[in-house]
Amino acid sequence: SADPTLPPGNKWTYSLAAGLNGKTGNSEAVALDGLADATLAGPSLTLKFYGRGNYSRTDGVESENSLFGGVDYERIFREIHSWYVRDEAMQDQVRQVRLRNTAATGYGYYFFHDPDKLVLRLRGGLAHVYERQGGEHTQDLSSASLDFGLHFMKKFDKGVVWTTDLSYQPSFEDYNRYYFFHETTLGIPF
């Protein structure tokens, strides 16, 4: 039955994923990945909480050790237009990033918007990025930037879901300083 505390047509969904990859031979490597999210979706809004962790070691040397999490709120109006607000935080011990926080807001446009089959959305807006770098010399960086994002989701038979997210954030102060993120997942239900 429907949750009486939620507006009609809205529901929570949850996902949890984990990966383990290893190899041995000329070199030895192990990689662990984890991903979790909780999403409240309805006809005119989406609220998503998400987190991810990555760890890898190659020939006894740590090559990745990062945590990433955030919240994304989107309000849809006129069926294909939206506005969004999001905040993300990450930590990367290998790259000596103690904290990187991105707060962004802007406009979204849906080329396709059928959450049961196909979604293609483009976003553009403004962001503020704060970064505290560690290591020998601690350094704080803070800058305004542009915020671009592309989201693609395709649902296949038997609950298989392909999702790709791209985001690009060039700094206003120096366009050679930017953040680019790409994630593609293929979800197969058990």
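Here the structure is a predicted model, which is why all the values come from computation and not from measurement.

Parameters at a glance
- Residues numbered from 1 in each chain as written.
- Predicted model: local features only at pLDDT ≥ 70, side-chain atom pairs only at ≥ 80, totals over all residues.
- Heavy atoms only, no water.
- Phe/Tyr/Trp six-rings, centres within 6.5 Å; stacked < 30°, edge-to-face > 60°.
- Buried < 20%, exposed > 50% of the residue type's maximum accessible area, 1.4 Å probe, protein only.
- Helix = DSSP H or I, 4+ residues; strand = E, 2+ residues; numbered from the N terminus.
- Lys NZ or Arg CZ within 6 Å of the ring centre and 35° of its normal.
- Salt bridge = Lys/Arg side-chain N within 4 Å of Asp/Glu carboxyl O.
- Pairing = 2+ DSSP bridges.
- Axes fitted to C-alpha atoms, helices over the stretch in contact; angles between N-to-C directions.

### Thoughts on the packing of aromatic side chains
- Scanning the entire structure with this criterion turns up eight aromatic pairs.
- On the basis of an interplanar angle of 10° and a centroid distance of 6.2 Å, the ring pair of Trp12 and Tyr14 is categorised as stacked.
- A relative accessible area of 31% places Trp12 in the partly exposed class.
- Centre to centre, the rings of Phe148 and Tyr168 are 6.5 Å apart; their planes meet at 15°, and the pair counts as stacked. Taken together, the positions of Phe148 in strand β8 (residues 139-155) and Tyr168 in strand β9 (residues 161-170) put the pair 20 residues apart, joining distant regions of the chain.
- Residue Phe148 is classed as partly exposed on the basis of its relative accessible area, which comes to 37%.
- Residue Tyr168 is classed as partly exposed on the basis of its relative accessible area, which comes to 32%.
- Directly above the aromatic system of Phe156 lies the positively charged group of Lys154, at a separation of 5.6 Å from the ring centroid.

### A look at unusual backbone geometry
- Of note in the backbone geometry, Arg78 takes a positive phi value of approximately 55° without being a glycine.
- Counting through the fold element by element, Arg78 comes out in the loop between β4 (61-77) and β5 (81-92).

### Some details on the pattern of salt bridges
- Tallying each qualifying case throughout the model produces nine salt bridges.
- Between Arg52 and Glu183 there is a salt bridge; the shortest N-O distance is 3.3 Å. You can see Arg52 sitting in strand β3 (residues 45-58) and its partner Glu183 sitting in strand β10 (residues 178-187), a full 131 residues away along the chain.
- Given the relative accessible area of 13%, Arg52 is considered buried.
- Taking the shortest distance from any N to any O, the salt bridge between Asp140 and Arg132 comes out at 3.0 Å.
- Three or more residues joined by partner-sharing salt bridges are found here, namely Asp72, Glu74, Arg121 and Arg123.

### What about the sheet that holds strand β2 (residues 29-41)?
- Strand order across the open sheet formed by 10 strands is β1-β2-β3-β4-β5-β6-β7-β8-β9-β10, with antiparallel pairing between neighbours. The two strands at the open ends of the sheet, each matched to only one other strand, are β1 (11-23) and β10. Pairwise comparison of adjacent strand axes, ignoring direction, gives a mean angle of 15° for this sheet.
- Looking at chain direction, β2 and β3 are connected through 13 bridges and run antiparallel. Considered in β3, the bridge of Leu32 is made with Tyr55.

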